[in-house]
Amino acid sequence: MGMVEKTGRFFVPIFEGFEERSIVTSDVTIQAWIGGSGPPLLLLHGYPQTHVMWHKIAPTLARRFTVVATDLRGYGKSQKPAGGEAHENFSKRAMAKDQVEVMRKLGFDRFSVVAHDRGARVAHRMALDHDDVVEKLVLLDIAPTDTMYGATDKAFATAYYHWFFLIQPYDLPERLINSDPGYYLRKTLNAWCKTPDSFPEEVMEEYIGAFSDPAAIHSACEDYRAAAGIDLKHDAEDGQRRVSQPLLVLWGERGVVGNSFDVLGVWKTRADKVEGEPLPCGHFLAEEVPELLMERLDRFL
């Protein structure tokens, strides 16, 4: 019998045959969905989504891998801690540590990672801080955080206004988003998606159900506040450190990242062994072009 996930308002079959588990780490409780068999593969979602974003490819990946799809701290059904004075509890370092501990508790000391958006920033930090743990790394639709902030111009700030809106002091963005979270989420997802009908209504409702929690909205703001502060500090402290693992970077050719940055060129300055290419979509590769994404993952993983 397939697992059925419950949100506040909806019952939707997600990840047929996956087991849902709450995993207590040293700092927070992380919700995880585990399925399949074979080498371990961790899937990390982005903003403003949850593990549900992998629903089109997770069952296929589970034919080859033991797939672990989690909700990042602060998102979905995972714990939502206080941010801390410097937003340190939502640093990518802290969020990466969560995921390493989850995998160790599941018995996996080494694993590969496929990660999107905010999850990809967590995975980038994970690869640097835990280079003996991450085997292969796939980052979807990001350039490094310091690169993106450092190259900000009018075009980028207009397209990615949320990078500057969400970092405003508490509780301005929280109060405004909480006034109509469903409208905000639909507007955001549809603006970044360039492929019609990529989000089935029941999946959109799942995202809205998870996002409408005021604690989740606050946590997401803390995630971005950390990115504009303590994460940049950690990046600066890295000096010339590079990603040592095989790295695949993919991005949407019609998305903001692909149109604003030389994505592959930037990552070649940050990693020893990197390959990548654009895919014909916007920001949400796993939901806009799942078949093309799977073809590329099959060749790399």
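Shown above is the structure to which this text applies.
It should be emphasised that the depicted structure is a prediction, and the values quoted were computed from it without experimental measurement.

## Some words on unusual backbone geometry
At the junction of Y47 and P48, the peptide bond is cis and its omega measures out at 0° in the coordinates. In this chain, Y170 is followed by D171 through a cis amide linkage whose omega measures 5°. Among the structural elements, D171 can be located in the loop between α6 (162-165) and α7 (172-178). The backbone phi angle of D141 is positive, close to 60°, even though this residue is not glycine. As for its placement among the helices and strands, D141 is situated in the loop between β8 (134-140) and α4 (145-150).

## Here's the deal with the environment of I230
Position of I230 among the secondary structure elements: in helix α11 (residues 230-237). When the C-alpha atoms of I230 and F90 are compared, they prove to be 9.0 Å apart, with 140 residues separating the residues in sequence. The contacts of I230, once residues within four sequence positions are left out, are A86, H87, E88 and S91.

## Brief notes about empty space enclosed by the protein
One pass over the structure, following the stated rule, counts 2 cavities of 30 Å³ or more. Lining of the largest cavity is provided by K92, R121, H124, R125, L128, P144, T145, D146, D231, H234 and D235. Elements with a contribution of two residues or more to the lining of the largest cavity: α3 (118-129), α4 and α11. By residue number, the principal contributor to the lining of the largest cavity is α3, which donates 4 residues. Looking at the second largest cavity, its volume works out to about 60 Å³. Lining the second largest cavity we find P48, Q49, T50, Y75, G76, Y207, A210, F211, A216 and I217.

## Some words on helix α15 (residues 290-300)
Turning to α15, its buried residues number three or more, namely P290, L293, M294, R296, L297 and F300. Down the axis, α15 shows its buried residues gathered within 165° of arc, on one side only. Opposite its buried face, α15 presents the exposed residues E291 and R299, each directed more than 90 degrees away. Its buried side turned inward, α15 meets α1 (58-61), β7 (111-116), β8, β9 (243-252), β10 (271-279) and α14 (285-288).

## Describing the packing of aromatic side chains
Applying the stated criterion to the full structure yields 17 aromatic pairs. Seen in terms of ring centroids, F199 and F284 are 5.3 Å apart; in terms of plane orientation they differ by 80°. Their pairing is edge-to-face. With F199 in the loop between α8 (181-192) and α9 (201-211) and F284 in the loop between β10 and α14, the pair connects residues that are 85 residues apart, well separated along the chain. Each member of the pair F199 and F284 is classed as buried. The ring of F300 has K136 sitting right over it, with the charged end atom 5.5 Å from the ring centre.

Analysis parameters
Residues numbered from 1 in each chain as written. Predicted model: local features only at pLDDT ≥ 70, side-chain atom pairs only at ≥ 80, totals over all residues. Heavy atoms only, no water. Helix = DSSP H or I, 4+ residues; strand = E, 2+ residues; numbered from the N terminus. Contact = heavy atoms within 4.5 Å. 1 Å grid on protein atoms, 1.4 Å probe; cavity = no way out; pocket = protein on both sides within 12 Å on 5 of 7 lines; lining within 4 Å. Points joined across faces, edges and corners; volume = space filled by probe spheres on them. Buried < 20%, exposed > 50% of the residue type's maximum accessible area, 1.4 Å probe, protein only. Arc of directions from axis to C-beta. Phe/Tyr/Trp six-rings, centres within 6.5 Å; stacked < 30°, edge-to-face > 60°. Lys NZ or Arg CZ within 6 Å of the ring centre and 35° of its normal.

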